[in-house]
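# Chains, contacts and geometry: an overview
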Amino acid sequence: MRARDTSRIYFDRAADELDLSDSMRQLLLTAKREVQVQIPIERDSGEVATFIGYRVQHNDARGPLKGGLRYHPHVDLDEVRSLAALMTWKTAVVNIPYGGAKGGVALDPAQFSTRELERVTRRFVDAIHDLFGPDVDIPAPDMGTTADMMAWIMNQYGKYHGFSPACVTGKPVDYHGIPGREEATGRGVGSLTLKLLSRLGRKIPGTRIAIQGFGNVGTHTAKFLTDAECRIVAVSDAGGGFHREAGLDVLDLLRHARARGGRLTGFTGGDTLSNAELLAVDCDVLIPAALGGVLTQENAASVKAPLIVEAANAPVTPEADAIFDTKGVIVAPDILVNAGGVTASWFEWVQNRQHYQWGLNRVRQELDRILGEAFEQVWQLAQSRNVSLRTAAYMVGVGRVARATVLGGTT
Ligand code: NAD
């Protein structure tokens, strides 16, 4: 099932619970603007290469559009469209004053030199600079894009519109970015896991955690939960994983990965296990933090964890979601769980606009506050309406956008 169909199922469920009219549903499901542009560049060899770039601006009823820019060979308009809508619900769940957008260029960044990627990024800005900006639409890094690329975007945008650091977020800390942005998604995943455990009346020290994915989100989640005295019993990356019932040494894992370009292969502090085994490992919390669609109809029954925290986007398919619901497995949904990144992006935008700097502690405090409030609202709604956390999160997000649409007027 495509991501588009998946999020549509959850949208429909929430819209039914909210009793939204057909006309409101149609309005909320339609993108405000979809742009496709040609990006020709000269390669280092002197040849011309032409790429297609997309930006979908889904909904700005609650504020300027916000969403990442991804460089991946499979990027197409359908994918960008569905991810843009997800951003609308995500910014609304955590109640930050943004709408939702997404963009992308269909290319494999590994096949191009840094200078070529810089040319692609700057030409893309040339093509869409009139359509984004601090009060309009604010891109950020996503799959295949980096902080350095965000610096190029800011610099190129400035050539048309003057100094505007708030036109893009996720910039390097030394170039109008902020400390705490990089760790924010993983930190948010960790802190929401603790809030959920507390709400369920479970003891936190010694809680056994398994994490799939040891990249940006997986590593920061592991660090945060280790500091909270949880036991990380299994981790994996694309090359496979490691297990230790007594708890893996996370600092050792980080050192090991850092020395090997981020890869875990060759780690000796635990028994090896496959990615399929990691998903079925005996633990208290399973955190898929790598890819979408990893927990499916086929493997859902083998999951032993009573709690799944969706750090990646859409790691649980709707079929698996239904199985978990029947089994009483609690799933904390992606649109809430991984919203720490966009929340910290908002902090970066706020500071850029004020020409002021907060410091790391304030970023962390504000992040905890925003995510904590969102979690409580979703938790309370799930209890009072007897719905899953996912349906409750969509109800909070979709409901806020619908109310803003009515308040702002539709014509
Ligand atoms: P990343 O590229 O830094 O790390 C991805 C990790 O997943 C790597 O360790 C990689 O080896 C591993 N991986 C890849 N294929 C795998 C496989 N088949 N099995 C097991 N592991 C595999 O990415 P990230 O930024 O950590 O993002 C992880 C997920 O979280 C993605 O789904 C992303 O869309 C989502 N997400 C990230 C952010 C963010 O701020 N980084 C925000 C929201 C959502």
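Here goes a summary of the coordinates provided. (Residues numbered from 1 in each chain as written. Predicted model: local features only at pLDDT ≥ 70, side-chain atom pairs only at ≥ 80, totals over all residues. Heavy atoms only, no water.)

## What about the overall build of the protein?
In terms of regular secondary structure, the protein is built from 14 helices and twelve strands. Relative to the 2.2 N^0.38 estimate, which gives 22 Å for 411 residues, the radius of gyration of the protein is 21 Å and therefore close to what a compact globule would have. Expressed along its principal axes, the backbone C-alpha trace of the protein runs to roughly 55 × 55 × 40 Å. By the burial criterion, 57% of the 411 residues in the protein qualify as buried. Working note: accessible area of the protein is about 17200 Å², and carbon and sulfur atoms make up 48% of it. (Helix = DSSP H or I, 4+ residues; strand = E, 2+ residues; numbered from the N terminus. Rg over C-alpha atoms; globule rule 2.2 N^0.38 Å. Buried < 20%, exposed > 50% of the residue type's maximum accessible area, 1.4 Å probe, protein only. Areas by Shrake-Rupley, 256 points an atom, 1.4 Å probe, with all protein chains shown as cover.)

## So, the sheet that holds strand β2 (residues 48-59)
With mixed pairing, the five strands of this open sheet are ordered in space as β1-β2-β4-β3-β5. A single partner strand is all that each edge strand has here, and the edge strands are β1 (33-42) and β5 (137-141). Neighbour-to-neighbour, the strand axes of this sheet turn through a mean angle of 20°, independent of strand direction. Of the pairings in the sheet, the one linking β2 to strand β4 (residues 100-105) comprises six bridges and is antiparallel in character. Within the sheet, the bridge partner assigned to arginine 55 lies in β4 and is glycine 103. (Pairing = 2+ DSSP bridges. Axes fitted to C-alpha atoms, helices over the stretch in contact; angles between N-to-C directions.)

## Regarding the side chain of serine 345
Within the fold, serine 345 resides in helix α12 (residues 340-354). Among all residues touching serine 345, those that are not within four sequence positions of it are Lys66, Tyr98, Ala140, Thr169 and Arg181. (Contact = heavy atoms within 4.5 Å.)

## Overview of the packing of aromatic side chains
Aromatic ring pairs: the centre-centre distance and the angle between the two ring planes describe each pair. This model, assessed by the stated rule, comprises nine aromatic pairs. The residue whose ring lies beneath arginine 362 is tryptophan 358, and the NZ or CZ to ring-centre distance is 4.2 Å. Positioned above the aromatic ring of tyrosine 10 is the side chain of arginine 390, whose terminal nitrogen or guanidinium carbon lies 4.5 Å from the ring centre. (Phe/Tyr/Trp six-rings, centres within 6.5 Å; stacked < 30°, edge-to-face > 60°. Lys NZ or Arg CZ within 6 Å of the ring centre and 35° of its normal.)

## Some remarks on the packing of helix α6 (residues 184-199) against helix α13 (residues 360-385)
Look at α6 against α13: their axes get within 10 Å of each other, and the N-to-C directions meet at 45°. As far as their axial angle goes, α13 and α6 are oblique. Read as a crossing pair, α6 and α13 show a hand that is right-handed. Contact residues: Ala184, Arg187, Gly188, Ser191, Leu192, Lys195, Leu196 and Arg199 in α6; Arg364, Leu367, Asp368, Leu371, Gly372, Phe375, Glu376, Trp379 and Gln380 in α13. Tallied by class, residues from the contact of α6 with α13 come to seven nonpolar, four polar and six charged. (Parallel < 35°, antiparallel > 145°, perpendicular 65-115°, else oblique. Left-handed = near helix turned anticlockwise from the far one by under 90°. Nonpolar A, V, L, I, M, F, W, Y, C, P; charged D, E, K, R; others polar.)

## Thoughts on the pattern of salt bridges
One pass over the structure, following the stated rule, counts 30 salt bridges. The salt bridge partner of glutamate 79 is arginine 70, with a shortest N-O separation of 3.6 Å. Accessibility expressed as a relative area gives 22% for glutamate 79, which makes it partly exposed. A salt bridge links arginine 208 to glutamate 245; its shortest N-O distance comes to 3.6 Å. One end of the pair, arginine 208, is in strand β6 (residues 208-212); the other, glutamate 245, is in the loop between β8 (240-243) and α8 (250-259), with 37 residues separating them in the sequence. On the accessibility criterion, arginine 208 (15% relative accessible area) is buried. Linked by salt bridges that have partners in common, Arg208, Arg231, Glu245, Asp282 and Asp284 make up one network. (Salt bridge = Lys/Arg side-chain N within 4 Å of Asp/Glu carboxyl O.)

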